[in-house]
Amino acid sequence: MSKFQISQQQQKIIKEIAQLKKEKNAILLAHNYMRPEIFEAADVCGDSFELSKKAMETDAEIIVFAGVHFMAETAKLLNPEKKVLLPSLRAGCFMADMITADRLKIMKQKHPNAGVCLYVNSAASVKAEADICCTSANAVEMVERLPHDEIIFAPDKHLAEYVATKTKKRIIPWSGFCHVHTNFSHEKIVRAKEKYPHAKIMMHPETPGEFLKYADHICGTGGMITFSKKDDAKEYLVGTEEGMVWRLRKEVPEKEFYPLMGSCINMKQITLENIRESLIQEKYDITIDPKIFEKAKRSLTRMMEL
């Protein structure tokens, strides 16, 4: 089994981060796609919404979010009284950038009878235009909960495609996508199965539908941990950003995990060094326009209430 080795320099920085967290009453949340050494420094690891919910349960005054910008915004919406820090402003999301509030307003005008279900992988300004938010795990349920027969589903067209196979409602997809989950091929899957013939395939629903037919299990990142823990297989091919392999190896060390997909350049902007710097200088402080704050928060809290 592949093991990640923490260098002496990394261990030193992890200790410094721990001391800074103690001094500043801070908590470090790490997304499942982070570098493996960041998992060692984190207080909580998980998917973006799981982490934001955990943040609501903490007494910490400062939340350092090792993830991308929309995740830190989500944490701020759910924890308005806390300071939320993002260690690098370069940690954006290409999919989230594929939709704006103004463009969503135009689509809503074209489909006045449609509800809007928005994937949490989106900016706060866009969340303010949604009826409800969803995660990859509860997308089908949230669509079903809306009273509308037509649903605008944004921004991920592939998750929309997957949801459409699970509901009788008419899904109107946005055109966004995740570059990691779409930079894929049938040949890559075939080669991986030839190399690891006994491995089961877990695949994220952000993946194009043509590839999901290969999956033994389709789920979000949190579901991958749950499935691999209870399943009887010993090997798994992981169909999502490659950082998830290290997270699975940490959580389920008795099993083998192999990556099917590549790395997210945005996620990898977060490092131990800029986490340490973020704590020292308390940067970069996430702020959300007060004019849209409550509307954006409402689409999130409605999901949580349901």
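Rules of the game
- Residues numbered from 1 in each chain as written.
- Predicted model: local features only at pLDDT ≥ 70, side-chain atom pairs only at ≥ 80, totals over all residues.
- Heavy atoms only, no water.
- Buried < 20%, exposed > 50% of the residue type's maximum accessible area, 1.4 Å probe, protein only.
- Helix = DSSP H or I, 4+ residues; strand = E, 2+ residues; numbered from the N terminus.
- Pairing = 2+ DSSP bridges.
- Contact = heavy atoms within 4.5 Å.
- Polar contact = N/O pair within 3.5 Å; in protein donor to acceptor, adjacent residues only side chain to side chain.
- Salt bridge = Lys/Arg side-chain N within 4 Å of Asp/Glu carboxyl O.
- Core = buried A, V, L, I, M, F, W, Y, C linked by side-chain atoms within 4.5 Å.
- Phe/Tyr/Trp six-rings, centres within 6.5 Å; stacked < 30°, edge-to-face > 60°.

K.L.:
What should I look at first to understand the pairing of strand β5 (residues 115–119) in this one?
P.N.:
Residues in a regular strand point their side chains to alternate faces of the sheet. Counted residue by residue, β5 has five buried out of five residues, so it is predominantly covered. Both faces of β5 are covered, namely the face carrying G115, C117 and Y119 and the face carrying V116 and L118. One ladder, built from four bridges, connects β5 with strand β7 (residues 150–154); its direction is parallel. The residue bridging V116 from the neighbouring strand is I152, located in β7.

K.L.:
What's the story with the environment of C264 in this structure? I'm lost.
P.N.:
With respect to the helices, strands and loops of the structure, C264 is situated in the loop between β12 (256–259) and α14 (272–281). C264 sits in the buried class, given a relative accessible area of 11%. Here the alpha-carbon distance between C264 and G243, two residues 21 residues apart in the chain, equals 8.6 Å.

K.L.:
Honestly, the sheet that holds strand β10 (residues 217–218) in this entry has me stumped. Any pointers?
P.N.:
Reading across the sheet, the four strands line up as β10-β9-β11-β12 and stay open at both edges, with parallel pairing between neighbours. Whereas interior strands pair on both sides, the edge strands pair on one side only; in this sheet they are β10 and β12. Here strand β9 (residues 200–203) runs beside β10; their pairing, made up of two bridges, is parallel. Residue M203 lies in a different strand from β10, and its bridge partner there is I218.

K.L.:
Explain the side chain of N121 to me, please; I cannot follow it from the model alone.
P.N.:
Inspection of the secondary structure assignment puts N121 in the loop between β5 and α6 (124–127). Excluding residues that lie within four positions of it along the chain, N121 makes contacts with F70, M95, A96, P155 and E206.

K.L.:
Looking at this structure, I do not really get helix α12 (residues 221–230). What am I missing?
P.N.:
Helical geometry note: an α-helix holds 3.6 residues per turn, so side chains three or four residues apart project in the same direction. When we look at burial in α12, the residues that qualify are T221, G222, M224, I225, F227 and S228. Buried positions along α12 lie against β9, β10, β11 (235–239), α13 (243–251) and β12.

K.L.:
I would appreciate a short explanation of the side chain of E241 in the present structure.
P.N.:
With respect to the element layout, E241 can be found in the loop between β11 and α13. Residue classification places E241 among the buried residues on the basis of a relative accessible area of 1%. At 2.6 Å, the side chain of E241 and the backbone nitrogen of G243 are in polar contact. A polar atom in the side chain of E241 sits 2.7 Å from the side chain of K268.

K.L.:
Whenever I open this one, the pattern of salt bridges confuses me. Can you help?
P.N.:
Considering all chains together, one arrives at 16 salt bridges under this definition. A salt bridge links K83 to E282; the nearest nitrogen and oxygen atoms lie 2.8 Å apart. Placement of K83 in strand β4 (residues 83–85) and of E282 in the loop between α14 and α15 (290–305) is noted, with a sequence separation of 199 residues between them. Under the relative-accessibility criterion, E282 is labelled partly exposed at 27%. We note a salt bridge from E141 to R145, for which the minimum N-O separation is 3.4 Å. One end of the pair, E141, and the other, R145, are both in helix α7 (residues 139–145), four residues apart, so they sit about a helical turn from each other.

K.L.:
What is the right way to look at the nonpolar core in this model?
P.N.:
By size, the foremost hydrophobic cluster in this structure holds 100 residues, and its most contacted members are C117, F153, M203 and I275. Looking at this core, the element that brings in the most residues is helix α4 (residues 69–78), giving six residues. Discounting chain neighbours no more than four positions away, the residues touching M203 are F184, I189, F211, L212, A215, H217, I218, C219, M224, G239 and L260. L104, M107, L118 and I152 belong to the second-largest nonpolar core, a separate cluster that totals 12 residues.

K.L.:
Would you explain unusual backbone geometry in this entry?
P.N.:
The phi angle of most residues is negative, glycine excepted, and most peptide bonds adopt the trans form. Going from A154 to P155, the amide bond is cis rather than trans, its omega being -5°. Turning to its location among the elements, P155 is positioned in the loop between β7 and α8 (157–164). A cis geometry characterises the amide bond from K283 onward to Y284, with omega recorded as -5°. With respect to the element layout, Y284 can be found in the loop between α14 and α15. We note that N25 has phi near 50°; this positive angle belongs to a residue other than glycine. Position of N25 relative to the elements: it lies in the loop between α1 (8–24) and β1 (26–31).

K.L.:
Got a minute to help me understand the packing of aromatic side chains in this structure?
P.N.:
Two descriptors summarise a pair of aromatic rings, namely the distance from one centre to the other and the angle between the planes of the rings. Applying the stated criterion to the full structure yields four aromatic pairs. With a centroid separation of 5.1 Å and 75° between ring planes, the pair formed by F184 and F211 is classed as edge-to-face. A residue pair is termed long-range when its members are at least 10 positions apart, and F184 in the loop between α9 (179–182) and α10 (186–195) and F211 in helix α11 (residues 209–212) qualify at 27 residues. For the pair shown, F184 and F211 are each scored as buried.

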